[in-house]
Structures are given as structure tokens and as C-alpha cells.
Amino acid sequence: MESKLLLPTRNLIPFRPPLSRRSKLSYSTVLAVLARPTDSFRNSSKPADIVPGLTGKTVYNDNWFEQLAVNHLSQSVQAVTEMRNSKSGYDGLVQAAVDASRKFSLIEQREIVIQALHKAIPEVILNLIKAVLPQSKFTREYFATFTTLFFAWLVGPCEVRESEFNGTAEKNVVHIKKCRFLEETSCVGMCTNLCKVPTQTFIKNSMGMAVNMVPNFEDMSCEIIFGQDPPALTEDAAFSQPCYKLCKANQKHITKCSS
């Protein structure tokens, strides 16, 4: 699929299986109000200049809103896994993901993220989105724009791009220039099993929107295509990619795939 830049800007099913016989997961919701970000933090996720000596690693200066969002998601993941860590901010979220990747199977990792997202986002909001935003061009473009505005803190700077959908042009693609989560973890398996697969499943089942996430492991970019069903895991090119040498998880991710 070819896509072209349209709109530069800034920058996720009901399914809750238990992780183990001993795990007792509690589901609580936190009342959240999603509003358009104010000018005081709208562009704050823009990464700072590359720091010499860190092999080109992007440095982020998260503001209070972004820190709040990161910590909320991190705590949700830690609550589901019952594995706490003392780190804060994005480091805490990455550590929670690393801990999950080391302790749980691939299928369990996907379940963990789905449960954490249900824990982080009130069910009433999910039901409302699914009810008032059925599949349509407006909804696909709305999801793309919303993602670039509100989730740069999670994935890094991104922009809306245009693609062809059923023979017509739509602005339904989010292009992530360099995924923050992938850059921080340097792990293909954590990208596919703790981000790509569970996010696709969560958005489809909880919000009624098909979505396909297509990571590029060479430059760490990614395209989120709203309205497009992802391929079967056994046919998805993301699962044929070997992991990076600097992978923090050091685990195999190319095993039997299950959707």
C-alpha cells in the first residue's frame, strides 16, 4: 500500500481470560475525561535533539499530562501482571512490559495488554465509542486524527496520511515516524505481542474498528491503518522478523501463533 503525507501533526475487545489458575484479576475503571489538549502541552511530546553518544536514541521531555498517562498505563499493566517495579514514567512502563515478556507465554502477554487496556479505559467510554462511531469514512479518519493528537506520549511523533480505501482516498493512516516503545525495548517480540496484536484486538472488539498495525523494523516506523483487517498471524510479515541484537527481553517470539 502506498501512502502519501497529507497532514503533518503530532503525534489503541470484550475478552478477559485469566492468566493462570492462581491469578485473580480485578477490573476497576478510572473515570477519565478525554478533551482536546491545550496549547500548553499539545506539542510537548516532540522529541528533543538527538543526544550524541547514545547511538541516535530519541530523548523525550514528557509534560505533566503525558507523565500522568504513561504512569496510568504502566500501573494498569503492573496490576494485571501482579509484578510491581519501582521505576517511574516511561521507564516504568517499559520495565512492566519486559517483566511480562519474561514471565508469561506469548498468548498470555497479549491477554495481559488487553486486560490492562480494559482496566485503564472505562467501559462506558468504550461502549459509547462503539455506539456512536460505526464504521464509516468519518470514523476511520476521526480515529487517525485522534491517535496523532492524544497518543504521541506512547508511540512518539506521528502524522495522518492518506490511503486508498474501497477505491476512494481517505486520511485513515497514522504514520509513526519512530516508535517510542520499539526504540526503548529494542525487541521485535514485545512490539508484536505486547503492542501490535493486543491493540488490534482491543480496538476491533471494544470499539468496533478494524485496524492493522504495520511496523517497519528497519527504521522503527509504523503505520496504523484504520478500517483494514490485519492478516492472520501465520501470514503476518512482522512475525518473520528476527529480533534486534540489543533486545532487552532475549526471548523467542517466532513460535506458534494464535489469534
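Residues numbered from 1 in each chain as written. Predicted model: local features only at pLDDT ≥ 70, side-chain atom pairs only at ≥ 80, totals over all residues. Heavy atoms only, no water.

Under the annotation held in an unreviewed UniProt entry, the protein chain carries the name Beta-carotene isomerase D27-like C-terminal domain-containing protein and is attributed to Erythroxylum novogranatense.

Caption draft 1: The overall build of the protein chain, seen in detail. A count of helical and extended segments in the protein chain gives eight helices and five strands. Listing each helix as α and each strand as β along the protein chain from the N terminus yields β-α-α-α-α-α-α-β-β-α-α-β-β. A total of 259 residues make up the protein chain; the buried ones form 52% of that total. Looking at the protein chain as shown, the accessible area adds up to about 13300 Å², and 56% of this sits on carbon and sulfur atoms. (Helix = DSSP H or I, 4+ residues; strand = E, 2+ residues; numbered from the N terminus. Buried < 20%, exposed > 50% of the residue type's maximum accessible area, 1.4 Å probe, protein only. Areas by Shrake-Rupley, 256 points an atom, 1.4 Å probe, with all protein chains shown as cover.)

Caption draft 2: Quick look at the nonpolar core. Phe143, Ile176 and Phe226 are the most contacted members of the largest nonpolar core, which has 57 residues in total. Counting residues per element, this core draws most heavily on helix 8 (residues 188–207), at nine residues. Apart from residues no more than four positions distant in its own chain, Ile176 is found in contact with Val155, Pro157, Cys158, Ser221, Cys222 and Ile224. (Core = buried A, V, L, I, M, F, W, Y, C linked by side-chain atoms within 4.5 Å. Contact = heavy atoms within 4.5 Å.)

Caption draft 3: Spatial organisation of the pattern of salt bridges. Under the counting rule described, the total for this entry stands at eight salt bridges. The closest approach of N and O atoms between Glu183 and Lys178, which form a salt bridge, is 3.3 Å. Residue Glu183 is classed as buried on the basis of its relative accessible area of 9%. (Salt bridge = Lys/Arg side-chain N within 4 Å of Asp/Glu carboxyl O.)

Caption draft 4: Structural detail: helix 2 (residues 89–103). Under the 1.5 Å per step criterion, the end-to-end length of helix 2 is 22 Å for 15 residues, consistent within 8% with the ideal 21 Å. Buried residues of helix 2: Gly89, Tyr90, Gly92, Leu93, Val94, Gln95, Ala96, Ala97, Val98, Asp99, Ala100 and Ser101, and no others. Considering only its buried residues, helix 2 is in contact with helix 1 (64–81), helix 3 (106–120), helix 6 (152–155), helix 7 (180–185) and helix 8. (Expected span 1.5 Å × (residues − 1).)

Caption draft 5: View of the packing of helix 1 against helix 3. Running from N to C, helix 1 and helix 3 point in directions that differ by 125°, and their axes come no closer than 8 Å. The angle between helix 1 and helix 3 places the two elements in the oblique class. Considering only the axes of helix 1 and helix 3, their crossing is right-handed. Mapping the contact onto sequence places His72, Leu73, Ser76, Val77, Ala79, Val80 and Thr81 in helix 1 and Ile112, Gln115, Ala116, Leu117, Lys119 and Ala120 in helix 3. Split by residue class, the contact of helix 1 with helix 3 holds eight nonpolar, four polar and one charged. (Axes fitted to C-alpha atoms, helices over the stretch in contact; angles between N-to-C directions. Parallel < 35°, antiparallel > 145°, perpendicular 65-115°, else oblique. Left-handed = near helix turned anticlockwise from the far one by under 90°. Nonpolar A, V, L, I, M, F, W, Y, C, P; charged D, E, K, R; others polar.)

Caption draft 6: Representation of the state of the cysteines. Applying the stated criterion to the full structure yields zero disulfides. Between Cys191, a free cysteine, and Cys195, which holds the nearest cysteine sulfur, the sulfur-to-sulfur gap is 5.8 Å. Classification of Cys191 by relative accessible area gives buried; the value is 8%. (Disulfide = S-S within 2.5 Å.)

Caption draft 7: Geometry of the packing of aromatic side chains. Applying the stated criterion across every chain, the model contains seven aromatic pairs. Here Phe138 and Tyr142 contribute two aromatic rings whose centre-to-centre distance is 6.0 Å and whose plane-to-plane angle is 25°, an arrangement assigned as stacked. Of this pair, Phe138 and Tyr142 both sit in helix 5 (residues 137–150), four residues apart, which is roughly one turn of the helix. Residue Phe138 is classed as exposed on the basis of its relative accessible area, which comes to 55%. (Phe/Tyr/Trp six-rings, centres within 6.5 Å; stacked < 30°, edge-to-face > 60°.)

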